[in-house]
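Architecture at a glance
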Amino acid sequence: MNKLYFYNTLTRQKEEFKPIDNNRVGVYTCGPTVYNYAHIGNLRSYVFADLLVKILRYNFGKSNVRWVMNITDVEDKTIRDSKIKYPDLAPMEALKKFTAEFEGIFWLDTAKLNIAKPDFIAHAADAAYVKKMQALIKNIFKAGYAYIKDGSVYFDVVKYSKKYKYGLLVDIDVSKLKSGERVDDDEYEKDNVQDFVLWKGQKAGEPFWDFELDGQKLPGRPGWHIECSAMGEAALGMPFDIHTGGVDLKFPHHENEIHQSVIGYGVKKPVNYWLHNEHLLVDGQRMGKRFNNFYTLKDLEEKNLDPLAYRFLCLQTGYGKVMNFTWQALESAAEGLRHLQNQVRGLNSSSKLGFFARIFGKSQVNSKFKNPFLEAINDDLNMPRALAAAQELLKSDLADEEKLATIIDFDKVLGLGLKNLGKIEKTIIPDEIEKLAKARLEARQNKNWQEADRLRLEIEKFGYLAEDTKNGQRISKK
Ligand code: AMP
Ligand code: ZN
């Protein structure tokens, strides 16, 4: 078994990964807040989580990795916008209908990026999970680290920080903490550390669940952080192996998740490895809905850019590095991806064994080329190095069948759809293109190069490529 390393935010260093349960791994990813389209910055964090899961599956086997994602469907923004869109519906009904629409779009977007569907998807507004969040809040309250104020419940950070370290994922100066200062918003800065909300008392016209604590009736809804503690425990148990999210989630979201679980579930270390992806920037600023500088996959598609080109672009930068988005960079990634796809198509058409042999596993993955690839992906997801290893393979003088089997094996991690390229596509070349291709072939046989060239350009205009290989003319999608 190869060693696997991750940079762990908890220890601020790269560490060897050791799962709690020898050969099984649990991963929890903070899912989207479904009040709008996911922008490509958000999607960078899901490409990252998907890569991580694919790498774990490559090492441990598919069925030994359990990937859990939550959907944040109840919070300030989903409530606000669902009321605007469906003013005539009851608040809970409006919330569910509104968030289901954006969640559907999210799954379509992630599928276009070849992001696997998580094994387990948990919705925060699901009554069964709300019950689990309430049970967790009760535990924290019983342990003496929560208090009720004006119909809401807060976590007592001041009391907690006297006994436990507060500031595990980010450095926090707890000396500035003042007892009884509270924050109701789910998002705030770390220089503004205060007691945070576990349960928000009902506001008029908002969806709510009944809750009773310490003999008091507290209709309301969960705070943001409690959702992930309760759903993580429900889906993976406590402690579990890996938790992911963008760097902005380190504080307060993930920091507070840890402390809720420490008290409420009585575990010292709820999660062993915390992995965070850096941001996607535009003109030096973080891409974000609130900054109004974001693009969605729809924007890419309107420019005729394949969403997978964006995945390819993400692979070219380490997840721990900020990545500045430009259309030019995306266009070069699209070009690079086309080149890679064409290399694979070329192998497919020249391979003696071809598609069926591949399916029946007659060709072998080459270990000499697999090793550097594996080392790269296992070195904290070093995808730029993994892509270089793939290019080394394609440039080598290995037999085409072996090259093909190996690159298709790599694609279990890369997720660039390489397995589906090649012979299979020939069946879906439109008749119009087939006719042009046939005419071009005839022109070439008659040595009418000018006409052959004209036909090649004509074929390209329709988005197809005509190439001459040692096995004859090959038509593929551009
Ligand atoms: P949200 O839907 O706002 O809860 O965010 C979903 C995920 O996207 C979280 O993991 C965020 O940390 C992440 N995220 C938000 N903005 C960016 C960005 N500009 N670049 C990369 N990840 C981001
Ligand atoms: Zn979360």
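Please read all numbers here as calculations on a predicted model, not as lab measurements.

**Let's talk about the site of ligand 1**
- The immediate surroundings of ligand 1 are formed by 18 residues, with Thr33, Gly41, Asp248, Leu280 and Met287 found nearest.
- One of the side-chain N or O atoms of threonine 33 is found 2.9 Å from an oxygen atom in ligand 1.
- Starting from 490 Å² of accessible surface for ligand 1 in isolation, the protein chains cover 92%.
- When residues in the shell around ligand 1 are grouped by element, the largest group, four residues, is from helix H1 (residues 40-60).
- Of the residues that constitute the shell around ligand 1, the class distribution is five nonpolar, 10 polar and three charged.

**Focus: the packing of aromatic side chains**
- Tallied over the full model, the rule gives 22 aromatic pairs.
- Here tyrosine 145 and tyrosine 164 contribute two aromatic rings whose centre-to-centre distance is 6.2 Å and whose plane-to-plane angle is 70°, an arrangement assigned as edge-to-face. In this pair, tyrosine 145 sits in the loop between helix H4 (127-142) and strand E6 (146-149) while tyrosine 164 sits in the loop between helix H5 (157-163) and strand E8 (182-183), placing the two residues 19 residues apart along the sequence.
- For the pair tyrosine 188 and phenylalanine 251, a centre-to-centre distance of 5.8 Å together with 90° between the ring planes defines the contact as edge-to-face. Here tyrosine 188, found in the loop between E8 and strand E9 (195-201), pairs with phenylalanine 251, found in helix H7 (residues 250-264); they are 63 residues apart in sequence, far enough to count as distant. Taken as a pair, tyrosine 188 and phenylalanine 251 share a single burial class, namely buried.
- Members of the aromatic cluster, connected to one another through ring pairs, are Tyr145, Phe155, Tyr160, Tyr164 and Phe196.
- The ring of tyrosine 145 is capped by lysine 159, whose NZ or CZ atom sits 5.2 Å from the centre of that ring.

**Overview of the pattern of salt bridges**
- Across all of its chains, the model carries 30 salt bridges by this definition.
- Lysine 85 is paired through a salt bridge with glutamate 101; the nearest N and O atoms lie 2.9 Å apart. Taken together, the positions of lysine 85 in helix H2 (residues 76-85) and glutamate 101 in helix H3 (residues 91-112) put the pair 16 residues apart, joining distant regions of the chain.
- A relative accessible area of 45% places lysine 85 in the partly exposed class.
- In this structure, lysine 217 and glutamate 212 form a salt bridge, with 3.3 Å as the shortest nitrogen-oxygen distance.

**Observations regarding the packing of helix H16 (residues 431-445) against helix H17 (residues 449-461)**
- Between H16 and H17, the least distance of the axes is 8 Å, while the angle of their chain directions is 160°. Comparing the axis directions of H16 and H17 gives the class roughly antiparallel. Along this stretch, H16 crosses H17, giving a crossing that reads as left-handed. Contacts between H16 and H17 involve Ile433, Leu436, Ala437, Ala439, Arg440, Ala443 and Arg444 from the former and Trp449, Glu451, Ala452, Leu455, Arg456, Glu458 and Ile459 from the latter.
- The residue makeup of the contact of H16 with H17, split by class, is nine nonpolar, no polar and five charged.

**Points about H1**
- For H1, built from 21 residues, the straight-helix expectation of 30 Å at 1.5 Å per residue is met to within 8% by its first-to-last C-alpha distance of 29 Å.
- By the criterion of burial, H1 is predominantly enclosed, with 20 of the 21 residues buried.
- Just downstream of H1 lies glycine 61, where phi reads positive at about 95°.

**Comments concerning the coordination of the zinc ion (ligand 2)**
- Coordination of the zinc ion (ligand 2) by the protein is provided by Cys30 (SG), Cys228 (SG) and His253 (NE2), with metal-donor distances spanning 2.1 Å.
- When the donors of the zinc ion (ligand 2) are listed by position in the chain, the intervening gaps give C-x197-C-x24-H. Pair noted here: cysteine 30 is in the loop between strand E3 (25-29) and H1 and cysteine 228 is in helix H6 (residues 224-236), with a separation of 198 residues, a long-range link. Summarising the burial analysis for this pair, cysteine 30 and cysteine 228 share the class buried.

**Description of the pairing of strand E2 (residues 13-16)**
- Where strand E1 (residues 5-8) lies against E2, four bridges are found, and the strand directions are antiparallel. Along E2, the bridge assignment pairs tyrosine 5 with glutamate 16.
- The turn linking E1 back onto E2 is made up of four residues, and arginine 12 within it adopts a positive phi angle of 60°.

**As for the state of the cysteines**
- Under the criterion given, the structure shown has zero disulfides.
- Between cysteine 314, a cysteine without a disulfide, and cysteine 30, which holds the nearest cysteine sulfur, the sulfur-to-sulfur distance is 19 Å.
- Judged by its relative accessible area of 7%, cysteine 314 falls in the buried class.

**Structural notes on the packing of helix H13 (residues 383-395) against helix H14 (residues 400-414)**
- Running from N to C, H13 and H14 cross one another at 165°; their axes reach a closest spacing of 10 Å. It follows from the interaxial angle that H13 and H14 lie roughly antiparallel. With respect to the hand of their crossing, H13 and H14 are arranged in left-handed fashion. Each of Met383, Leu387, Ala390, Leu393 and Leu394 in H13 lies in contact with H14, whose residues at this interface are Lys403, Thr406, Ile407, Phe410, Val413 and Leu414.

**Some words on the domain arrangement of the chain**
- In terms of domains, the chain is made up of domain 1 (18-277), domain 2 (282-423) and domain 3 (431-477).
- Placing a centre on the C-alpha atoms of domain 1 and another on those of domain 2 gives a separation of 32 Å.
- Between domain 1 and domain 2, the contact holds 29 residues from the first and 39 residues from the second.
- Summing both sides of the interface, domain 1 and domain 2 together bury roughly 2,800 Å²; the carbon and sulfur share of this comes to 63%.
- Linking domain 1 with domain 2 are four salt bridges.
- Taken together, the connections running from domain 1 to domain 2 amount to 15 residue pairs in polar contact (both at pLDDT 80 or more).
- At 14 residues, H1 tops the list of elements feeding residues into the side of domain 1 that touches domain 2.
- Tallied by class, residues from the side of domain 1 that touches domain 2 come to 14 nonpolar, eight polar and seven charged.

**Examining the sheet that holds strand E14 (residues 271-277)**
- Taken together, five strands build an open sheet; the order of strands is E5-E4-E3-E13-E14 and the sheet is parallel. Bordering the open sheet on either side are strand E5 (120-123) and E14, each of which pairs with just one other strand. Neighbour-to-neighbour, the strand axes of the sheet open up by a mean angle of 20°, direction not taken into account.
- In terms of strand pairing, E3 meets strand E13 (residues 240-246) through three bridges, oriented parallel. Looking at the pairing, valine 27 lines up with isoleucine 242 of E13.
- The strands touched by H3 are strand E4 (65-71) and E5; relative to E4, the strand with the most contacts, the crossing angle is about 145°.

Conventions we followed
- Residues numbered from 1 in each chain as written.
- Chains lettered and ligands numbered in written order.
- Predicted model: local features only at pLDDT ≥ 70, side-chain atom pairs only at ≥ 80, totals over all residues.
- Heavy atoms only, no water.
- Near = heavy atom within 4 Å.
- Polar contact = N/O pair within 3.5 Å; in protein donor to acceptor, adjacent residues only side chain to side chain.
- Areas by Shrake-Rupley, 256 points an atom, 1.4 Å probe, with all protein chains shown as cover.
- Helix = DSSP H or I, 4+ residues; strand = E, 2+ residues; numbered from the N terminus.
- Nonpolar A, V, L, I, M, F, W, Y, C, P; charged D, E, K, R; others polar.
- Phe/Tyr/Trp six-rings, centres within 6.5 Å; stacked < 30°, edge-to-face > 60°.
- Buried < 20%, exposed > 50% of the residue type's maximum accessible area, 1.4 Å probe, protein only.
- Lys NZ or Arg CZ within 6 Å of the ring centre and 35° of its normal.
- Salt bridge = Lys/Arg side-chain N within 4 Å of Asp/Glu carboxyl O.
- Axes fitted to C-alpha atoms, helices over the stretch in contact; angles between N-to-C directions.
- Parallel < 35°, antiparallel > 145°, perpendicular 65-115°, else oblique.
- Left-handed = near helix turned anticlockwise from the far one by under 90°.
- Contact = heavy atoms within 4.5 Å.
- Expected span 1.5 Å × (residues − 1).
- Donors = N, O, S within 2.8 Å, 3.2 Å for Na, K, Ca; no water.
- Pairing = 2+ DSSP bridges.
- Disulfide = S-S within 2.5 Å.
- Domains from an automatic or database assignment.
- Buried area = accessible area lost by both parts, 1.4 Å probe.

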